[in-house]
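# Chains, contacts and geometry: an overview
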Amino acid sequence: MELLDQTVDDSVFTQHESEVRSYCRSWPTVFTRASGSWMTDTTGREYLDFFAGAGSLNYGHNNPIMKAALLDYISDDGITHGLDMATVAKGKFIEAFTQKILAPRGLDYKIQFPGPTGTNAVEAALKLARKVTGRESIISFTNAFHGMTLGSLSVTGNSMKRAGAGIPLVHATPMPFDNYFGGVTEDFGWFERVLDDSGSGLNRPAAVIVETVQGEGGVNVARMEWLRALSELCERRDILLIVDDVQMGCGRTGEFFSFEEAGIKPDIVTLSKSISGYGLPLALTLFKPELDVWTPGEHNGTFRGNNPAFVTGTKTIEHFWSDDSLTKQVHAKGEQINTAFTELAERYEGISTRGRGMVRGLVFEESATASKVCASAFGAGLLAETSGPSDEVVKLLPALTISTEDLGRGLQIISDSVKEVIG
């Protein structure tokens, strides 16, 4: 039985939806179904998805394991909306997360459910850091992206997104991300100097917030030694370190947390996107127990108790994170992408590649080329997006569970599209 009429007049979007919409402009079709790494539009055409809900669908669309658990929970009249009430679904998620994610990694974090999105997790992290330290200033990095609400936007680098705030974004200071100066200047030179210089005008910060890989910023990858040096600097200066793992966590770089390879233990970590495993809204702010200075209700939100997301999130952890098999697959598939992109970079001038695990970027010196490649790929049945300050990077975020065959098929489409655009 059809659950939804499979036709719709696409003028309903152009006439009634806000001009703020974006992805639908790059992919001008109406989607109706999705399974695994494939999406289908109302004409029946299938598209290979290398976007994965901007990293919210690390395990693919409608993963059957999570879907079965979700359907059982709903049919049994399980709690849907629970605020921060104690429920069985939330309790099982906390147990799975602490036992299978935190404990094996030697991480001792309290778990806060701040609201359903990544920016909610970041806002909570910034507020907590300021409350704990009594300081206002936050250090962020060039080309960072942390969210679209005012606090998160204040530590975001993109000028277009910042301009949308409509008011001054204060109490945040950007510093150069790793390799911002192309190796000419040591990145920490400026940061350490202004911390020590009483004439620098930099207020002593409450926290530093960083992405280990800047996805929206252009797939900029921080070196492990840079991350370790940053962590050590924060520890020496009594500055809290916040790692924003909203897009790069949940296995995107291979390990569950993107900072694991660096061997650091941040004071605060933000997670969202794929933590529910199914694309259902859920976010976590994790922090060391001694930082848990909240008073009851001091930071809350109506939809922080999304119990169906707890159900699918628990199933995700139990199925994919009880051993290291997925991590090994991510590293192998990441190398498959890297090999294909390296070949393109060697074949054509003005192209380079960078990334970690299964977040990879194809970088074009002529920035407009990236959008043309994505448009060509869409015409061939592949969904991929651009990123970077000038949209100069074709960014791939395929599902971690994609088959090697489908991954190879999509990479061939990218290769063909580059050839079509560049010649």
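Below is a summary of the structure that appears in this document. (Residues numbered from 1 in each chain as written. Predicted model: local features only at pLDDT ≥ 70, side-chain atom pairs only at ≥ 80, totals over all residues. Heavy atoms only, no water.)

### Brief notes about the nonpolar core
Judged by nonpolar contacts, the single largest core of 80 residues is most densely connected at Phe 97, Phe 257, Val 394 and Ile 414. The contact partners of Val 394, leaving out residues within four places of it in the chain, are Arg 360, Gly 361, Leu 362, Phe 364, Ala 370, Val 373, Cys 374, Ala 384, Glu 385 and Ile 414. Counting residues in hydrophobic clusters, the runner-up holds 16 residues, among them Val 122, Ala 125, Ile 138 and Val 155. (Core = buried A, V, L, I, M, F, W, Y, C linked by side-chain atoms within 4.5 Å. Buried < 20%, exposed > 50% of the residue type's maximum accessible area, 1.4 Å probe, protein only. Contact = heavy atoms within 4.5 Å.)

### Side note on the pairing of strand S14 (residues 359-364)
Judged by how many residues are buried, S14 sits mostly within the fold: six of six residues are covered. Going residue by residue along S14, you find Val 359, Gly 361 and Val 363 tucked away on one face and Arg 360, Leu 362 and Phe 364 tucked away on the opposite face as well. Strand direction decides the pairing type here: strand S13 (residues 351-356) and S14, joined by six bridges, are antiparallel. By the bridge assignment for S14, Ser 352 is matched with Val 363. Taking the residues between adjacent antiparallel strands as the criterion, S13 and S14 are bridged by two residues, where Gly 357 takes a positive phi near 55 degrees. Bridge count between S14 and strand S17 (residues 393-396): four bridges; the pairing is antiparallel. In the strand pairing of S17, Arg 360 is matched with Leu 396. (Helix = DSSP H or I, 4+ residues; strand = E, 2+ residues; numbered from the N terminus. Pairing = 2+ DSSP bridges.)

### Things to note about the side chain of Ser 276
Tracing the backbone through its elements, the reader meets Ser 276 in the loop between strand S11 (268-271) and strand S12 (284-287). On the basis of relative accessible area, Ser 276 is assigned to the buried category, the value being 0%. A polar contact is formed between the side chain of Ser 276 and the backbone nitrogen of Gly 279, at a distance of 3.4 Å. Each residue touching Ser 276, except ones within four places of it in the same chain, is listed here: Met 66, Leu 282, Ala 309, Thr 312, Gly 313 and Thr 316. (Polar contact = N/O pair within 3.5 Å; in protein donor to acceptor, adjacent residues only side chain to side chain.)

### Topic: the sheet that holds strand S4 (residues 110-112)
Overall, mixed pairing links the seven strands, which are arranged S4-S12-S11-S10-S7-S5-S6 in an open sheet. Edge strands, defined here as strands with exactly one partner in the open sheet, are S4 and strand S6 (172-175). Going from strand to strand, the sheet's axes swing by 20 degrees on average, the running direction of each strand aside. Of the strands in this sheet, S4, S11 and S12 touch helix H5 (residues 88-102), which is tilted by about 50 degrees from S12. (Axes fitted to C-alpha atoms, helices over the stretch in contact; angles between N-to-C directions.)

### As for a nonpolar patch on the surface
On the surface, Val 8, Val 12 and Phe 13 cluster together into a nonpolar patch covering about 210 Å² of accessible area. Locating Phe 13 in the fold gives a position in helix H1 (residues 11-16). On the accessibility criterion, Phe 13 (32% relative accessible area) is partly exposed. (Patch = residues over 30% accessible without salt bridge, like charges linked within 9 Å, V, L, I, M, F, W, Y side chains within 5 Å. Areas by Shrake-Rupley, 256 points an atom, 1.4 Å probe, with all protein chains shown as cover. Salt bridge = Lys/Arg side-chain N within 4 Å of Asp/Glu carboxyl O.)

### Some thoughts on the packing of helix H13 (residues 368-379) against helix H14 (residues 404-422)
Two numbers describe how H13 lies on H14: the axes approach to 8 Å, and their chain directions differ by 125 degrees. One element, H13, and the other, H14, form an angle in the oblique class. Relative to H14, the crossing made by H13 is right-handed. Of H14, the residues touching H13 (which contributes Thr 369, Lys 372, Val 373, Ser 376 and Ala 377) are Ile 413, Ile 414, Ser 417, Val 418, Glu 420, Val 421 and Ile 422. (Parallel < 35°, antiparallel > 145°, perpendicular 65-115°, else oblique. Left-handed = near helix turned anticlockwise from the far one by under 90°.)

### Describing the packing of aromatic side chains
All chains considered together, the criterion is met by 17 aromatic pairs. An angle of 15 degrees between the planes, with centres 5.1 Å apart, marks the rings of Tyr 47 and Phe 378 as stacked. Of this pair, Tyr 47 sits in strand S3 (residues 46-49) while Phe 378 is found in helix H13, placing the two residues 331 residues apart along the sequence. Given the relative accessible area of 10%, Phe 378 is considered buried. Put simply, the rings of Phe 93, Phe 97, Phe 113, Phe 256, Phe 257, Phe 259, Phe 310 and Trp 321 pair up and form one aromatic cluster. (Phe/Tyr/Trp six-rings, centres within 6.5 Å; stacked < 30°, edge-to-face > 60°.)

### Examining the sheet that holds strand S2 (residues 38-41)
Overall, mixed pairing links the four strands, which are arranged S1-S2-S3-S15 in an open sheet. Each of the sheet's edge strands pairs with one partner strand only, and the pair in question is strand S1 (31-35) and strand S15 (382-383). In this structure, S3 lies alongside S15, joined through two bridges in parallel fashion. Bridge pairing links Leu 48 to Leu 382 in S15.

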